[in-house]
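# Observations on chain architecture
One letter stands for each residue in the lines below.
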Amino acid sequence: MLCDNLETLIINLEKDVYKKEKISNLLNDCCISYSFIKAVYGPTMEASEYYLCARNDNPSFGNRHILTPSEVGCFLSHKKALKQFVQSSHKDWLLVLEDDVSSTNEILTSLLEVDDSKLVDDGIYILGGQDG
C-alpha cells in the first residue's frame, strides 16, 4: 500500500497559521503523518534571486515569458520539498500538498489505499494544478 512508502510534506507560509491548522486537522483525521516545509514567499525575494528563476518558456502559461513573484515562490517551494525528500527520506514516494489544498477525508484515504506496485517507479503523478 502506498501509505507504507509515502512521505507527506506540506508547503506553508509561516504567516498562514489558520491554513496550517486546517490542513493539520484534515491529515490528522485521516491518520496521515506529515511535516511542514517553510514556503518561499516570492514577493519578498531579492530582485536578483527572483530574476534568476522568473524566465518561463512553457507555453501552458499563455505564452507569458516571465513568471510572477508568487509563481516563482511556488515553484521554489515545491523544488525545496523535492530536494528535502531526495536528500533525506527513506520512503519511495512523496506527496506534496500546499496548505490550502481542497480535499476530503475520503479522497486522501483512497489515495493511501493505492497499490504502489501498480505505479511507475520513476513517475510523477500530478493530482491537481492551475493555469496549466
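## Focus: the overall build of the protein chain
For the protein chain, the helix and strand inventory stands at four helices and three strands. From first element to last, N terminus to C terminus, the protein chain shows the α and β order β-α-β-α-α-β-α. When the backbone C-alpha atoms are referred to their principal axes, the protein chain occupies close to 45 × 35 × 30 Å. Considering only intrachain contacts with a sequence separation of at least 6, the fraction spanning at least 24 residues in the protein chain is 72%. If you sum the accessible surface of the protein chain, you get close to 9100 Å²; carbon and sulfur atoms cover 53% of it. Side-chain charges in the protein chain split into 12 positive and 21 negative, and the spacing between the mean points of these groups amounts to 7 Å.

## Quick word on the sheet that holds strand β1 (residues 6–12)
If you trace the three strands from one edge of the open sheet to the other, you get β2-β1-β3, paired in parallel fashion. Of all strands in the sheet, those bounded by a partner on one side alone are β2 (35–38) and β3 (93–98). Between one strand axis and the next, the sheet turns by 30 degrees as a mean value, whatever way the strands run. Packed onto the sheet, helix α3 (residues 69–88) meets β1, β2 and β3 and runs at close to 150 degrees relative to β3.

## Section: the pattern of salt bridges
Applying the stated rule across the entire model yields three salt bridges. A salt bridge links K19 to D16; the shortest N-O distance between them is 3.9 Å. Residue K19 is classed as partly exposed on the basis of its relative accessible area, which comes to 31%. Judged by relative accessible area, which is 17%, D16 ranks as buried. R55 is paired through a salt bridge with D57; the nearest N and O atoms lie 3.3 Å apart.

Cut-off values and rules
- Residues numbered from 1 in each chain as written.
- Predicted model: local features only at pLDDT ≥ 70, side-chain atom pairs only at ≥ 80, totals over all residues.
- Heavy atoms only, no water.
- Helix = DSSP H or I, 4+ residues; strand = E, 2+ residues; numbered from the N terminus.
- Contact = heavy atoms within 4.5 Å.
- Areas by Shrake-Rupley, 256 points an atom, 1.4 Å probe, with all protein chains shown as cover.
- Lys, Arg positive; Asp, Glu negative; His and termini not counted.
- Charge placed at Lys NZ, Arg CZ, Asp CG, Glu CD.
- Pairing = 2+ DSSP bridges.
- Axes fitted to C-alpha atoms, helices over the stretch in contact; angles between N-to-C directions.
- Salt bridge = Lys/Arg side-chain N within 4 Å of Asp/Glu carboxyl O.
- Buried < 20%, exposed > 50% of the residue type's maximum accessible area, 1.4 Å probe, protein only.

By themselves, these observations are geometric and do not establish any function.
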